[in-house]
Amino acid sequence: MKFSIYRFNPEVDEKPYMQDYDIELAPTDRMLLDAILKIKALDDSLALRKSCREGVCGSDGMNINGKNGLACITPLKDLKEPVVLRPLPGLPVIRDLIVDMGQFFKQYHSVKPYLINDNPPPQKERLQSPEDREELNGLYECVLCACCSTSCPSFWWNPDKFVGPAGLLQAYRFIADTRDEATNERLDNLEDPYRLFRCHTIMNCVDVCPKGLNPTKAIGKIKDALLKRSV
Amino acid sequence: MALNKQIFDTLIVGGGGSGLRAALQLAEADHRVAVFSKVFPTRSHTVAAQGGIGASLGNMQEDNWLWHMYDTIKGSDYLGDQDAIEFMCRKATEVVYELEHFGMPFDRNPDGTIYQRPFGGHSQNFGEKPVQRACAAADRTGHAMLHTLYQRNVRARCQFFVEWMALDLIRDYEGAVVGLVAMEMETGQVMLFQSKAVVLATGGAGRIYRSSTNAYINTGDGMGMAARAGIPLEDMEFWQFHPTGVAGAGVLITEGVRGEGGILLNSQGERFMERYAPTMKDLASRDVVSRAMDQEIKEGRGVGPDKDHVLLKLDHLGPDVINKRLPGIREIAIKFAHVDPIKEPIPVVPTCHYQMGGIPTNYYGQVVVPKNGNPNSIVPGLYAIGECACVSVHGANRLGTNSLLDLLVFGKAAGDHLVEWLKTNPQHRDLPKDAGDFSLSRLARLDSSSSGESVHEVGQELRRTVQNHAGVFRTEQLLSEGVEKIKEVAERVKRTHVKDKSKVFNTARIEALELENLIVVAEATLVSAEARKESRGAHARDDFKERDDKNWLKHSLWYQEGNRMDYKPVNLKPLTVESFEPKVRVY
């Protein structure tokens with residue numbers, strides 16, 4: 001199978017280039033990550049992140065034939081040759097397929113991604129109805145792979161000011177949690193022409209999310225909450 | 001070469017469940033704590049846990065910690081230390097409620113309490129019938145827990161060294177652990193970290209097997225660091241084979257599937273677990289179910305063209321239960337097994353999943369070693385928690401849901417113990433003059449090599465050897481051949497060569513360093529397994545089929561120096577209740 005992979009090592013390369021590989025695959029090589037690791041066994045200089053190899057840790061996000069995804073859950077049989085692999089767009093490249101995620105995590109941290117409830121907790125669990133708990137479905141499952149935010153033109157232009165789909169999804173995860181008591185503070189934090197309102201519902205995030213989540217919908221709900229608060 | 005140095009109170013190696021839980025205790029008490037992780041913390045392997053956290057909340061039926069304790073001891077095949085097991089089972093409800101207060105999105109019952117599901121080996125009234133004890137967030141419990149703990153650490157402003165790999169412990173002339181050497185992966189920079197204590201929380205080393213549910217990062221780094229610093233490894237012959245890894249892919253399918261009512265079938269469509277475990281059936285403990293599956297396959301009742309797996313049927317649960325309680329499993333089955341479990345069964349096979357052994361500790365997480373006649377003498381300044389530690393609460397076989405519980409209970413216990421210990425140990429000890437030299441020499445070998453063995457090929461040989469010689473069923477011949485073979489692999493590990501000499505995010509060099517940790521664990525496993533002439537829990541020998549309490553009710557200790565074995569007694573004395581004497585295990 002043929003691959004064309006983005007290569008850049010700042011220590012030796014003046015500029016990035018695409019390197020071609022043609023490798024023999026076994027029937028047991030089902031996912032893109034299997035193929036990349038075959039290539040890496042032959043060329044140990046190819047750099048990428050990887051860990052769980054089952055789509056739950058979010059390490060191996062990359063741009064695959066023009067679309068962001070996780071290599072470990074992208075079936076090889078669905079890919080057109082040569083398979084073109086590039087680092088996630090819009091973030092500085094450290095080396096090859098490894099990007100600097102600093103800006104992405106800074107935005108994630110900026111939404112205070114933790115439960116805020118200063119009341120003394122009860123002896124046992126805080127109660128929550130199954131219906132209220134269901135509000136968190138489609139939100140808490142995010143793996144922070146950055147496929148969504150790095151496919152979003154608004155994030156490309158303003159990564160320092162726009163929270164981006166992943167961060168906003170997590171912001172809504174806590175707004176939606178009946179146990180959280182900081183909804184007002186959270187909305188204040190987002191009521192800003194850039195932080196929230198740079199989302200122009202292009203919906204690339206929904207298109208690429210490897211976990212099938214819908215950040216655009218969550219962003220819409222944050223906007224609704226702001227509107228409700230203002231009337 | 002003079003290395004730069006940073007100073008902290010406590011260094012935690014590993015940002016998974018146990019490391020984050022310990023870090024939280026220290027950060028919230030305003031201690032200077034640093035957490036080192038090879039990956040961004042939410043990518044740690046805790047994220048892959050699915051089914052639940054064991055705690056006798058009693059939200060579904062009557063339950064209590066003493067039943068949980070009994071189940072854990074029986075599950076351990078009586079090799080678990082009963083003081084630590086009592087400690088864990090009693091603390092279970094407290095740490096689960098705390099996790100809920102931190103924001104964990106547990107599933108809920110109609111009355112608003114935490115939903116609990118049945119799991120293997122967990123019973124009511126000392127083995128009478130299954131009980132719902134596993135506190136679950138759908139089938140993504142580990143993911144939800146790891147993110148919750150990370151988030152809580154963000155709130156506590158804990159300091160992280162993300163994508164740093166710890167290389168070696170630093171011990172002073174009296175044997176106290178006074179810091180560590182670590183390398184930043186992005187730049188290749190090596191630095192000394194001085195501290196009053198180091199906590200190893202590096203997880204398991206399931207990557208010594210070719211077929212494994214474990215993440216690529218699970219390379220036993222903490223055990224390599226401990227063994228190189230002269231610390232023995234305990235009970236390393238005990239590896240859990242999870243009954244339901246996806247055949248061919250190795251990806252985990254939670255026991256929660258059977259908890260929700262899924263059943264195992266052989267090629268004749270027979271629910272064979274009824275024969276092996278009449279009471280608990282498909283919810284017998286994992287060693288029992290894996291051996292039964294292996295037996296069915298051996299006797300020709302496996303499924304598929306090569307008759308090499310069995311089937312996990314759950315379509316009878318209906319789409320509602322599957323989509324609500326097991327959505328991640330459906331996703332995995334479709335992606336990795338190409339079957340939709342709403343309609344078809346999933347092909348499954350026993351797959352290496354968990355190491356019961358590890359770095360010997362007491363139930364405060366302090367590392368203990370034999371010294372001057374005391375089998376449990378404390379190593380000053382060193383703690384170990386989670387899968388890399390051996391407390392030992394899992395003994396010869398861990399019960400499902402007890403691993404996440406282990407992370408919470410002993411992560412917190414170590415953190416609490418450290419908070420107290422730091423009060424009476426205000427001073428840093430001096431670093432020895434040669435601190436860092438050993439790590440630098442390891443790196444220098446890799447940086448200067450011009451030829452040698454491929455890390456990839458030696459790694460394949462290591463995994464093949466362990467897989468073939470220390471699998472579900474073992475014999476003297478398999479094991480003694482395995483011991484010889486792994487010695488040869490160990491020699492090859494010393495001659496590895498990395499072509500890539502770059503300093504910038506050199507993953508080839510990281511993998512070479514990881515291989516040096518994997519080989520420690522692989523040698524410990526084979527040597528310990530060859531030495532133990534009995535069958536107990538996950539260590540099943542065809543030539544010694546019975547458990548032998550007279551000669552082998554004891555913990556193994558493997559020392560890297562001399563590749564030698566030592567032993568220490570099992571603690572059969574709980575903290576407050578009466579001992580559970582060893583009995584024949586029937587499920």
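Computed from a predicted model, the values in this text were never measured in an experiment.

*Asks:* Just checking my understanding: could you explain the overall build of chain B for this structure?
*Replies:* Helix and strand counts for chain B stand at 16 helices and 26 strands. Taking 25 Å as the expected radius of gyration for a compact globule of 587 residues, we find that chain B reaches 23 Å, a close match to that expectation. Counting only C-alpha atoms, chain B reaches 65 × 50 × 50 Å along its principal axes. Within chain B, buried positions represent 69% of all 587 residues. Long-range contacts, defined here as pairs at least 24 residues apart, represent 74% of the contacts in chain B between residues at least 6 apart. In the structure as shown, chain B presents an accessible area of about 19000 Å², 49% of it carried by carbon and sulfur atoms. For chain B, the separation between the mean place of its 69 positive charges and that of its 75 negative charges on side chains is 1 Å.

*Asks:* For this particular structure, what's the right way to read the environment of Lys-343 of chain B?
*Replies:* All names here are of chain B. Residue placement: Lys-343 occurs in the loop between helix 10 (327–337) and strand 16 (346–355). Residue classification places Lys-343 among the exposed positions, given a relative accessible area of 63%. Residues Lys-343 and Pro-319 lie 24 residues apart in sequence; the distance between their C-alpha atoms is 9.0 Å.

*Asks:* Just to check I follow, could you spell out empty space enclosed by the protein for this structure?
*Replies:* Empty space among the atoms becomes visible once a probe the size of a water molecule is rolled across them. Summed over the entire model, instances satisfying the criterion amount to nine cavities of 30 Å³ or more. Taken together, 49 residues line the largest cavity, and the ones lying closest to its centre are His-45, Thr-46, Gly-203, Asn-218 and Glu-387 of chain B. Elements represented by at least two residues in the lining of the largest cavity include exactly helix 1 (17–28), strand 3 (33–37), strand 8 (164–171), strand 16 and helix 11 (402–424) of chain B. In terms of residue class, the lining of the largest cavity is built from 16 nonpolar, 25 polar and eight charged. As a volume, the second largest cavity reaches approximately 170 Å³. For the second largest cavity, the lining is made up of 16 residues, of which Val-56 and Lys-211 of chain A together with Asp-139, Arg-140 and Gly-328 of chain B are closest to its centre. Top element by residues in the lining of the second largest cavity is helix 10 of chain B. It accounts for four residues.

*Asks:* Sorry if this is basic, but what is going on with the sheet that holds strand 26 (residues 564–569) of chain B here?
*Replies:* Two strands in a sheet stick together by hydrogen bonds in their backbones, pointing the same way (parallel) or opposite ways (antiparallel). Residues and elements named next belong to chain B. Taken together, the three strands give an open sheet; going across it, the order is 12-25-26, and neighbouring strands pair in antiparallel fashion. Edge positions in the sheet fall to strand 12 (233–234) and strand 26, since each has one partner strand and no second. Judged from the six bridges that link them, strand 25 (residues 554–559) and strand 26 form a sheet pairing that is antiparallel. The residue bridging Tyr-559 from the neighbouring strand is Arg-564, located in strand 26. Against the sheet, helix 15 (residues 507–531) touches strand 12, strand 25 and strand 26, its axis set at about 135° to strand 25.

*Asks:* I tried to follow the sheet that holds strand 2 (residues 10–13) of chain B on my own but got confused; where do I start?
*Replies:* Residue and element names in this part refer to chain B. Reading across from one edge, 7-3-2-11-19-18 is the order of the six strands in this open sheet, with mixed pairing throughout. Looking at the sheet topology across the chains shown, the edges are occupied by strand 7 (159–162) and strand 18 (366–371). Here the average twist between neighbouring strands, direction ignored, is 35°. Bridge analysis of strand 2 against strand 3 gives four bridges, and the strand direction is parallel. Residue pairing for strand 3: Ile-12 is matched across the bridge by Val-35. The sheet contacts of helix 11 involve strand 2, strand 11 (197–200), strand 18 and strand 19 (374–384), and relative to strand 19 the element is tilted by about 85°.

*Asks:* Explain helix 6 (residues 183–190) of chain A here, please?
*Replies:* Since the α-helix turns once every 3.6 residues, residues separated by three or four places project in the same direction. Residue and element names in this part refer to chain A. Those residues of helix 6 not exposed but buried are Arg-186, Leu-187 and Leu-190. Angularly, the buried residues of helix 6 cover 95° about the axis, an arc narrow enough to put them on a single face. Where helix 6 is buried, its residues touch helix 5 (164–175) and helix 8 (215–230).

*Asks:* Sorry if this is basic, but what is going on with the packing of aromatic side chains here?
*Replies:* A ring pair, where both rings are aromatic, is described by two values, the distance of the centres and the angle of the planes. The final tally for this structure, using the stated rule, is 22 aromatic pairs over all chains. Here Phe-105 of chain A and Phe-40 of chain B contribute two aromatic rings whose centre-to-centre distance is 3.7 Å and whose plane-to-plane angle is 10°, an arrangement assigned as stacked. On the criterion of chain membership, the pair formed by Phe-105 of chain A in helix 2 (residues 102–110) and Phe-40 of chain B in the loop between strand 3 and strand 4 (53–54) is interchain, its members lying in two chains. Both residues of the pair, Phe-105 of chain A and Phe-40 of chain B, belong to the buried class. Both rings, one in Phe-161 of chain B and one in Phe-193 of chain B, keep their centres 5.2 Å apart while their planes meet at 80°; by these two values the pair is edge-to-face.

Cut-offs used in this document
- Residues numbered from 1 in each chain as written.
- Chains lettered and ligands numbered in written order.
- Predicted model: local features only at pLDDT ≥ 70, side-chain atom pairs only at ≥ 80, totals over all residues.
- Heavy atoms only, no water.
- Helix = DSSP H or I, 4+ residues; strand = E, 2+ residues; numbered from the N terminus.
- Rg over C-alpha atoms; globule rule 2.2 N^0.38 Å.
- Buried < 20%, exposed > 50% of the residue type's maximum accessible area, 1.4 Å probe, protein only.
- Contact = heavy atoms within 4.5 Å.
- Areas by Shrake-Rupley, 256 points an atom, 1.4 Å probe, with all protein chains shown as cover.
- Lys, Arg positive; Asp, Glu negative; His and termini not counted.
- Charge placed at Lys NZ, Arg CZ, Asp CG, Glu CD.
- 1 Å grid on protein atoms, 1.4 Å probe; cavity = no way out; pocket = protein on both sides within 12 Å on 5 of 7 lines; lining within 4 Å.
- Points joined across faces, edges and corners; volume = space filled by probe spheres on them.
- Nonpolar A, V, L, I, M, F, W, Y, C, P; charged D, E, K, R; others polar.
- Pairing = 2+ DSSP bridges.
- Axes fitted to C-alpha atoms, helices over the stretch in contact; angles between N-to-C directions.
- Arc of directions from axis to C-beta.
- Phe/Tyr/Trp six-rings, centres within 6.5 Å; stacked < 30°, edge-to-face > 60°.

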